[in-house]
Amino acid sequence: MSNTEVAPQEILCETNGTFAGVELLVPRQVPLGGPRAMDVRRTLPQRQRSLIGAWCFLDHYGPDQVGDSGGMKVPRHPHTGLQTVSWLFTGEIEHRDSAGFHAAVRPGEVNLMTAGRGISHSEFSTPDTTVLHGAQLWVALPDTARHMAPIFEHYRPEPVSGNGWTVRVFLGSLAGSVSPVTTHTPLLGAELLLEAGTELTLTTDASFEHGLLVDSGNLALDGQPVPKDNLAYLPVGHGSLTLVAGSEGARVLLIGGEPLGEKIVMWWNFVGRSHEEIVAYRTQWQSEIGADAGTEDAGTAGSGGRASDLRFGPFPPGGPAALPAPALPNARIRPRG
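Residues numbered from 1 in each chain as written. Predicted model: local features only at pLDDT ≥ 70, side-chain atom pairs only at ≥ 80, totals over all residues. Heavy atoms only, no water.

Thoughts on the sheet that holds strand S12 (residues 131-140)
Backbone hydrogen bonds are what pair the strands of a sheet, in a parallel or an antiparallel way. The test is simple: For two strands to be treated as a pair, DSSP must find no fewer than two bridges joining them. Helical segments are the DSSP runs of H or I of at least four residues, strand segments are the runs of E of at least two, and each set is numbered from the N terminus. Angles shown run from 0 to 180 degrees and are taken between the N-to-C directions of axes, each axis being a line fitted to C-alpha atoms and, for helices, limited to the stretch in contact.
What the seven strands build is an open sheet, ordered S3-S4-S5-S12-S7-S10-S13; its pairing is antiparallel. Each edge of the open sheet carries a strand with a single partner, namely strand S3 (28-31) and strand S13 (151-155). Ignoring which end each strand starts from, the neighbouring axes of this sheet average 20 degrees apart. By the bridge criterion, three bridges tie strand S4 (residues 39-44) to strand S5 (residues 55-65) in an arrangement that is antiparallel. What sits directly across from arginine 42, in S5, is aspartate 59.

With respect to empty space enclosed by the protein
The line we're drawing: The method works on a 1 Å grid over the protein atoms by themselves. A cavity is a set of points holding a 1.4 Å probe that cannot get out, a pocket is an open set with protein on both sides within 12 Å along at least five of seven lines, and residues with an atom within 4 Å of a point line them. Grid points are joined across faces, edges and corners, and a volume is the space filled by probe spheres set on the points.
Summed over the entire model, instances satisfying the criterion amount to one cavity of 30 Å³ or more. Its volume calculated, the largest cavity comes out at about 40 Å³. Along its surface, the largest cavity is lined by Thr84, Ser86, His95, Val105, Asn111, Leu112, Met113, His121, Glu123 and Phe152. Within the residue set of the lining of the largest cavity, elements represented by two or more residues are strand S7 (82-90), strand S10 (110-114) and strand S11 (119-125).

Observations concerning helix H2 (residues 275-289)
Note the following rule: Each residue after the first adds 1.5 Å to the expected span of a helix. In this description, contact between two residues means that some pair of their heavy atoms is separated by no more than 4.5 Å.
Relative to the 21 Å expected for 15 residues at 1.5 Å per residue, H2 spans 22 Å between its end C-alpha atoms, a close match to the ideal helical length. Of the surrounding secondary structure, the elements contacted by the buried residues of H2 are strand S6 (73-79), S11, strand S24 (264-267) and strand S25 (270-272). A positive backbone phi angle near 75 degrees is found at glycine 290, which sits one or two residues after H2.

Examining the pairing of strand S18 (residues 187-194)
For the record, the criterion: To sort residues, take the accessible area from a 1.4 Å probe on protein chains only and compare it with the maximum for the residue type: under 20% means buried, over 50% means exposed, and anything in between is partly exposed.
The element S18 is largely enclosed, with a buried count of seven among its eight residues. Pairing of strand S15 (residues 165-171) with S18 involves six bridges; the strand directions are antiparallel. Within the sheet, the bridge partner assigned to leucine 171 lies in S18 and is glycine 189.

Some details on the nonpolar core
Put simply, the rule reads: The definition of a nonpolar core used throughout is a set of buried Ala, Val, Leu, Ile, Met, Phe, Trp, Tyr and Cys residues joined through side-chain atoms within 4.5 Å.
Residues Trp55, Cys56, Val85 and Ile264 are the most contacted members of the largest nonpolar core, which totals 39 residues. Of all the elements, S12 adds the most residues to this core, at five residues. Non-local contacts of cysteine 56, meaning those with residues more than four positions away in its chain, are made with Leu44, Pro45, Ser50, Leu51, Trp138, Val139, Ala140, Ile264 and Met266. Membership of the second largest hydrophobic core comes to 25 residues, among which are Val167, Ala190, Leu194 and Leu221.

What about the packing of aromatic side chains?
What counts is decided by this rule: Centres within 6.5 Å make a pair out of two Phe, Tyr or Trp rings, where for Trp the six-membered ring is used; the pair is then stacked when the planes are under 30 degrees apart, edge-to-face when over 60, and tilted otherwise.
Scanning all chains against the criterion turns up nine aromatic pairs. Ring geometry for phenylalanine 57 against tryptophan 138: centres 3.9 Å apart, planes inclined by 15 degrees, an arrangement best described as stacked. Of this pair, phenylalanine 57 sits in strand S5 while tryptophan 138 is found in strand S12, placing the two residues 81 residues apart along the sequence. Exposure class is identical for phenylalanine 57 and tryptophan 138. Each is buried.

Things to note about unusual backbone geometry
Along the chain, leucine 44 connects to proline 45 via a cis peptide bond; the corresponding omega equals 5 degrees. Relative to the helices and strands, proline 45 is located in the loop between S4 and S5. Of the consecutive residues glycine 62 and proline 63, the connecting peptide bond is found in the cis state with omega at 0 degrees. Phi at alanine 175 takes a positive value of approximately 55 degrees, unusual for a residue other than glycine. Tracing the backbone through its elements, the reader meets alanine 175 in the loop between strand S16 (173-174) and strand S17 (177-178). Using a relative accessible area of 34% as the deciding quantity, one classes alanine 175 as partly exposed. Residue aspartate 222 is not a glycine yet carries a positive backbone phi of 50 degrees. With respect to the helices and strands, the residue aspartate 222 is situated in the loop between strand S20 (209-221) and strand S21 (224-226). For aspartate 222, a relative accessible area of 35% translates into the label partly exposed.

Let's talk about the pairing of strand S8 (residues 93-97)
Here S8 shows a buried face lined by Ile93, His95 and Asp97 and an unburied face lined by Glu94 and Arg96. With four bridges joining them, S8 and strand S9 (residues 102-105) adopt antiparallel strand pairing. Within the sheet, the bridge partner assigned to glutamate 94 lies in S9 and is alanine 104. The loop that links S8 with its antiparallel partner S9 comprises four residues; one of these, glycine 100, has a positive phi angle of about 95 degrees. Across five bridges, S8 lies against S11 in antiparallel orientation. Among the inter-strand pairings, histidine 95 is bridged to a residue of S11, identified as glutamate 123.

Observations regarding the side chain of aspartate 97
Short version of the rule: We count Lys and Arg on the positive side and Asp and Glu on the negative side, and we leave His and both chain ends out. In what follows, salt bridge is the name for a side-chain nitrogen of Lys or Arg lying within 4 Å of a carboxyl oxygen of Asp or Glu. Between N or O atoms, a polar contact is any pair within 3.5 Å; within protein, one atom must be a potential hydrogen donor and the other a potential acceptor, and residues adjacent in sequence are included only when both atoms are from side chains.
One can find aspartate 97 in strand S8. An unpaired buried charge is present at aspartate 97: no salt bridge exists, and arginine 96, the closest side chain of opposite charge, is 8.9 Å distant. Looking at aspartate 97, its side chain comes within polar contact range of the main-chain nitrogen of alanine 99, at 2.9 Å. Those residues in contact with aspartate 97 that sit more than four places away from it in its chain are Met113, Ile119, Ser120, His121, Phe152 and Phe315.

Okay, here's the thing in structure tokens:
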């Protein structure tokens, strides 16, 4: 998914010090673009917390009636230095990228795209999707992996169930389930379903930070209520998490990972290490799609160029016009953490 904000801020992401208890991160509404824009609830990054492990971005959306919201319509756009993690509860999305991968995103199946040194992709909800509901997350790649060739992985985790609960682990390991999907730092990603009144204590890696997003229902984490759509944060040092579902039951996403230990700079759809890198990525993207040159069809520009000249890769012709990058500010933006 693209960050379609017209004036995205440049954010310096780093570990934000220590915190003893549960910290609640309240979402903000962000439109994906257009007069009938589908809104998403963005819980990461925020001013007070920009990373949970290597997780650097979390958009939560739906359930949206596609007939009212228009669904997901995100034309070709670029990424660098990150992995996109797509997880759906309802609906279906068509993914297409410049590395040649064409896939469907379906409920209970994770699609992970590693941008590495550069990739471009598009995402559109399918014509027969009437309700769209899910989450889009990004993982920052460490310096050792951020210049790798782009790849794509798909995995359908087998559910693990107990008394009143079901867990689907799409990254890392939890509750005896291990995902084979490639990560470049220690990570966890899982969907948890709890029936009404269920209490579940999970053994977790004490070296991880954790985040718990409540998608539906009501829930308490380690004794503290977590409102729907909020992201609860727990710092390193917790070897277990206790979840108690309320009268409605609950569905949550649990993410986690070892602190990245690196400062990253995010702007629009790019993750880099400096303001200068971000400027260079933007310049390259604009050149490849012909945006700055004023070409008539930015959707297919770059398709005929030499492979060695295309950081973000060729794309099949005939699709919607690519998303041009927002304008950079006239002055260097002061990064914030």
